[in-house]
Structure formats: C-alpha cells, structure tokens
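Okay, here's what each chain looks like letter by letter:
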Amino acid sequence: MDKTSLFTLTYGLFIAGVEENDKMNGCIINTAVQSTSDPVQMSVTMMKENLTTQLIKKKGSMTISVLSLDCPLDIIQSFGMKSGRNCSKFEGIEHKVDGNSNPYLEKNTLAYMSLNVSSVLDIGSHYLFICDVVEAEKTGKGQPMTYADYRALKSGKTVSKTNDEPSNDKTTYICTVCHYVYDGEIPFDELPDDWTCPVCNKPKSVFLAES
Ligand SMILES: Cc1cc2nc3c(=O)[nH]c(=O)nc-3n(C[C@H](O)[C@H](O)[C@H](O)COP(=O)(O)O)c2cc1C
C-alpha cells in the first residue's frame, strides 16, 4: 500500500471546541464531515488521548469552527500542537459560546456549527463521534483553509488562492442532497414548482441559494 496516496484526500481545517465543568478547551481537527442533510448530521474523528476528545465524550456536545485561509499559523499551532492539560488555549483568543456553552471563534473563521453527539464508535486509537447539528451560522467571508493549504503555508510556500471575495456575484443554487449545482439557462426562481434535481430527482425546495 502506498500510504502517500492518502495525502491526495481533501480536508478542511477546524477547531473542535468544548466547555465541560468550567474547563474550556479545543483542538485542531481535519476530520469534520457532513454525513446527511435531513436531518443534518456530521461525523468527527478524534484521538482518544486528546483532552478535547475526553471532554466531548463526557459532555456529549461540541462546536466546530471552520477556519478561513487568513487564520494565523500560530493559532493552528497553539490549538493543534499543545494540550489544554498544560495551558489555557482560549485565553487571549476572541470567542463566543453556543447554546451548550461550548466556545467557538468568530475571527479567522467562515462559520461555526454546534453539535450534539448522538453516538460514539470506538475505532481503536480514535473515537468516531456521530453528531446532530443543532446550530450553524456563518461568521465570515472568504476561502476556507484546507489541510493542504496548512501544509503548504507551514513549509513556507504560498497558496495561490486569495481571501478576496469571488468577483462573480451571481447566486448559485446547490442541491443539499446530492450537491448538484444548478447551471441551467432559466433563472432558478422561474423554474416550475414541479421541477426536480436532474441528478437525484429531489424537489426544488431542497436547493439552497449561495451568494
Ligand atoms: C493540521 C492538524 C490536524 C489535526 N487533526 C486532528 C483530528 O482530526 N483529530 C484529532 O483528534 N486530532 C487532530 N489533530 C491533533 C490535535 O489538534 C492535537 O493533538 C492537540 O494538541 C490536542 O489538544 P488537547 O489535548 O488540548 O485536546 C490535528 C492537528 C493538526 C496540527
């Protein structure tokens, strides 16, 4: 097996945040993935030995802050390479808390999600948390930081993307079930009510507008 093939997988970069018994902590993860859209569920894979993992397992909830490309490397290194057992990672970091009192970042992020853990799978070195998304809001605009961007920035390279707004201000309509992006001639709003997604056949109502 060529394990370097796995480097071709694309991931985002996130901070998983939690507050349990007055201890606020968080760590960098790249394993937050949307699993289903109705209801909205996500899976998160986390090392058992991380303090954040242990607090999440006790509390049964967490936040996910979606990092943007302008997130300073020192934030990633502080949340990703130190343990909250030896420091207070949120000290001096602007943050808010969700309805479960779990912390999330507004600056240097694109969005946050608030997750309630519905089941935990023991997969050896890690737990796989299956979660219901109970809150989700955008916190900023720009490009997301990917794991590949982080690796490039860390090794002193520049990334070709910029954090500028895309010049195209057209609204895009995306099927929340199969992720098909509408590209027809007729404006989406003028499509008949019985129009369905050409890929998964779901109704017009499952499409979301993104501008
Ligand atoms: C780029 C990057 C990606 C990471 N991805 C994950 C991940 O998906 N799951 C995980 O458990 N830890 C991941 N880590 C490691 C944790 O962030 C790290 O072990 C952290 O120090 C744990 O802190 P804690 O003990 O305060 O929870 C990642 C770290 C980095 C730098």
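The coordinates are above.
In this text the structure is predicted, and so the values were computed from the model without any measurement.

J.: Sorry if this is basic, but what is going on with unusual backbone geometry here?
T.: Peptide bonds are trans in most cases, and residues, glycine excluded, mostly fall at negative phi. Residues Asp38 and Pro39 are joined by a peptide bond in cis, for which omega reads 0 degrees. A positive phi angle is found at Asn108, which is not glycine, with a value near 60 degrees. Locating Asn108 in the fold gives a position in the loop between strand E7 (103-104) and strand E8 (109-122). Relative accessible area serves as the criterion here: at 16%, Asn108 is assigned to the buried category.

J.: Hey, could you run me through the pattern of salt bridges in this one?
T.: Here the idea is simple: oppositely charged side chains can pair when their charged atoms come close. Applying the stated rule across the entire model yields 3 salt bridges. One salt bridge connects Lys48 with Asp122, and the closest N-O pair in it is separated by 2.7 Å. You can see Lys48 sitting in the loop between strand E4 (40-47) and helix H1 (51-59) and its partner Asp122 sitting in strand E8, a full 74 residues away along the chain. Taking relative accessible area as the criterion, Lys48 reaches 24% and is therefore assigned partly exposed. Residue Asp122 is classed as exposed on the basis of its relative accessible area, which comes to 52%. Residues Lys96 and Glu106 are paired through a salt bridge, measuring 3.6 Å at the closest nitrogen-oxygen approach. Taken together, the residues Lys96 in strand E6 (residues 96-97) and Glu106 in the loop between E7 and E8 connect sequence positions 10 residues apart.

J.: Help me understand the sheet that holds strand E2 (residues 23-29), please; the structure alone is not making it clear to me.
T.: Either a parallel or an antiparallel arrangement is found when strands of a sheet pair, and the pairing is made through backbone hydrogen bonds. An order of E2-E1-E5-E8-E9-E4-E3 is seen for the 7 strands of this open sheet, with the pairing classed as antiparallel. Edge strands, defined here as strands with exactly one partner in the open sheet, are E2 and strand E3 (33-37). Here the average twist between neighbouring strands, direction ignored, is 30 degrees. Note that E3 and E4 share 4 bridges and pair antiparallel. Counterpart to Thr36 in the pairing with E4 is Gln41. Of the strands in this sheet, strand E1 (14-20), E2 and strand E5 (61-67) touch helix H2 (residues 73-81), which is tilted by about 110 degrees from E2.

Calculation notes
Residues numbered from 1 in each chain as written. Predicted model: local features only at pLDDT ≥ 70, side-chain atom pairs only at ≥ 80, totals over all residues. Heavy atoms only, no water. Helix = DSSP H or I, 4+ residues; strand = E, 2+ residues; numbered from the N terminus. Buried < 20%, exposed > 50% of the residue type's maximum accessible area, 1.4 Å probe, protein only. Salt bridge = Lys/Arg side-chain N within 4 Å of Asp/Glu carboxyl O. Pairing = 2+ DSSP bridges. Axes fitted to C-alpha atoms, helices over the stretch in contact; angles between N-to-C directions. Contact = heavy atoms within 4.5 Å.

In short, geometric facts, not functional conclusions.
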